[in-house]
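# Inside the fold
Each chain is listed here by its residues.
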Amino acid sequence: MMNIPFAESFKIKMVESIRRSTRSEREKWIIDAKYNLFNLRSEQVFVDLLTDSGTGAMSDRQWSEMMLGDESYAGASSYYKLKDAIAEITGFTYFLPTHQGRAAENVLFSTLIKAGDLVPGNSHFDTTKGHIEFRKAKAIDCTIDEAFDTTLDHPFKGNIDIQKLEKVLSSNPKAQIPMIIITVTCNSSGGQPVSIENIREVSRVAKKYGVKLFFDAARFAENAYFIKIREKEFARHSIREIAREMFSYADGMTMSSKKDAIVNMGGFIGLRDKEIHQQASVFNIMFEGYITYGGMSGRDMNALAQGLYEGTEFDYLESRINQVAYLGNMLKDAGVPVQFPFGGHAIFIDAKRFLPQVPKEQYVAQTLAVELYIEGGIRAVEIGTILADRDPMTRENRYPDLEFVRLAIPRRTYTNNHIQYVAAHIINVWERRNEIKTGYSIHYEAPIMRHFTVELGKI
Ligand SMILES: *Cc1c(COP(=O)(O)O)cnc(C)c1O
């Protein structure tokens, strides 16, 4: 009997050409880009794994929904279609559309967070942290310690350490803690899931101290998939049932629809509380647009509603998460140090173990990311010291425990041949890793979220 190989749950109807380049072209382009991969033109990249955000392929059904978009300023049918989809999938009956995830954060945090506040959570995403710190509040990381050992096998490395959380809640006044944020899956610690058991515990503690619980839900469907596969109680539940269970413990959510809702642009806030919705509506109108479109076109809201349904189908999620693991397993088998278990949307290379000879002051993960680009035209992203930015008070560099190069896989976009191409190039760099001795220094950086615009020079 043959072993039946894995096959995707879709076929391809439309294609887009991409072009390979030469090593000498890439060596020139990366100098022009000041060694910042965000500065490259997309044509200078062959396989683009910079992010899985907004880079996925929409389905034929999503494109058909685009044609049905209602562009009325107020009360568009597209708004109600999206409202119904969100209520069905998340259980949140109040919602505000926003142009993307960080806009949802901006609106929600304008409503709830003030200077001096503390916001505990599991390794907050960079824009989330940016929006907290911009308000002179503080994000406190309460992720379990196991998350920081990339070799350790743990099914839910996104979990919150309940003792760390209780310590924050018990030693600070309630008025100073506007919310706890659980990021599902946890991007910053490697696309790692959070278990329902942990969500229940966090919810119990939140209620005990009278603090609200919000989800940063960009990858909630991938999180639900991992719960189904790894948490016994939910083995027979559908993805949508698990998602509803997850959200049932939260007071609200922010969503970057560019991730698990498989659209190129969009976001929203989901809420249970009418009063918070009313207050947030004021900021939504100020920053995003009227509350029935909030920075999105009617057609985009339609595609998003359809994407929420497709993104929560088991077969789709299985294809996606298997493709990510396909890359992870090829690298792991070759000895490349990767975060384990593999995340839902990306493979994270442990750059400190890949290039132990490069000093941390020379940006180890960035050094490796640049090398992968020169090697094969592969664009990954640094999740390390540059992203961690400076301490807002001392302005010193923050050196995170983990220095990652993230290979984020766009949804329904690349074939497994592309993935093989990526793995082969990374393994070639791994085999000549001892030749890479020095990294980079910063020539220019912005005062906040510096990684997008940083300019570097070779040491
Ligand atoms: C992408 C992302 C955001 C921000 O969303 P944008 O749509 O990029 O603004 C927030 N949180 C998490 C976990 C994300 O992955």
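Residues numbered from 1 in each chain as written. Predicted model: local features only at pLDDT ≥ 70, side-chain atom pairs only at ≥ 80, totals over all residues. Heavy atoms only, no water.

Turning our attention to the packing of aromatic side chains. Counted according to the given criterion, the structure contains 17 aromatic pairs. Taking the centre distance of 5.0 Å and the plane angle of 70° together, the rings of Phe38 and Phe452 count as edge-to-face. Within this pair, whereas Phe38 is found in the loop between helix H1 (23-32) and strand S1 (47-48), its partner Phe452 is found in the loop between strand S13 (440-444) and strand S14 (455-458), the two being separated by 414 residues in sequence. Note on Phe38: relative accessible area 28%, which makes it partly exposed. With relative accessibility at 29%, the residue Phe452 sits in the partly exposed group. Centroid distance Phe92 to Phe247: 5.7 Å. Interplanar angle 70°. Geometry classified as edge-to-face. Of this pair, Phe92 sits in the loop between helix H3 (77-90) and strand S2 (94-98) while Phe247 sits in helix H9 (residues 239-248), placing them 155 residues apart in sequence. (Phe/Tyr/Trp six-rings, centres within 6.5 Å; stacked < 30°, edge-to-face > 60°. Helix = DSSP H or I, 4+ residues; strand = E, 2+ residues; numbered from the N terminus. Buried < 20%, exposed > 50% of the residue type's maximum accessible area, 1.4 Å probe, protein only.)

Attention now moves to helix H5 (residues 126-134). Spacing of three or four residues puts side chains on the same side of an α-helix, whose turn is 3.6 residues. Among the nine residues of H5, seven are classified as buried, and the element is accordingly described as predominantly covered. The set of residues buried in H5 consists of Asp126, Thr127, Thr128, Gly130, His131, Ile132 and Glu133. Next to the buried residues of H5 lie helix H4 (101-112), strand S3 (118-121), strand S4 (138-141), strand S5 (179-183), strand S6 (212-216) and helix H15 (385-388). One or two residues past the end of H5 sits Lys136, with phi positive at roughly 60°. (Contact = heavy atoms within 4.5 Å.)

With that out of the way, let us pick up the layout of surface pockets. When its volume is computed, the second largest pocket comes out at roughly 1200 Å³. Lining the second largest pocket are 39 residues, with Lys129, Glu133, Leu387, Ala388 and Arg398 sitting closest to its centre. Of all the secondary structure elements, the ones that give two or more residues to the lining of the second largest pocket are H5, S4 and H15. Examining the composition of the lining of the second largest pocket, we find that five residues originate from one element, H5, more than from any other. Broken down by class, the residue content of the lining of the second largest pocket amounts to 18 nonpolar, eight polar and 13 charged. Built from parts of two domains, the lining of the second largest pocket gets at least three residues from each of domain 1 (23-52 + 314-458) and domain 2 (60-311). (1 Å grid on protein atoms, 1.4 Å probe; cavity = no way out; pocket = protein on both sides within 12 Å on 5 of 7 lines; lining within 4 Å. Points joined across faces, edges and corners; volume = space filled by probe spheres on them. Nonpolar A, V, L, I, M, F, W, Y, C, P; charged D, E, K, R; others polar. Domains from an automatic or database assignment.)

Inspection of the entire model under this criterion finds two cavities of 30 Å³ or more. Together, Asn36, Leu37, Phe38, Leu50, Gln366, Ala380, Val381, Glu382, Ile386, His451 and Val454 line the largest cavity. Split by residue class, the lining of the largest cavity holds seven nonpolar, three polar and one charged. There is about 40 Å³ of room inside the second largest cavity. Along its surface, the second largest cavity is lined by Glu105, Leu108, Phe109, Thr128, Ile181, Phe214, Phe215, Asp216 and Thr254.

The next subject is the pattern of salt bridges. Enumeration according to the criterion identifies 29 salt bridges in this entry. In this structure, the salt-bridge partner of Arg398 is Glu133, at a minimum N-O distance of 3.4 Å. Linking Arg398 in the loop between H15 and strand S12 (404-408) with Glu133 in helix H5, this pair joins segments that are 265 residues apart in sequence. Here Arg200 ties to Glu245 by a salt bridge, and the two come within 3.0 Å at their closest N and O atoms. Of this pair, Arg200 sits in helix H7 (residues 196-209) while Glu245 sits in helix H9, and the two are 45 residues apart along the sequence. Connected via shared salt-bridge partners are Asp52, Arg219, Glu222, Asp260, Arg320 and Arg411. (Salt bridge = Lys/Arg side-chain N within 4 Å of Asp/Glu carboxyl O.)

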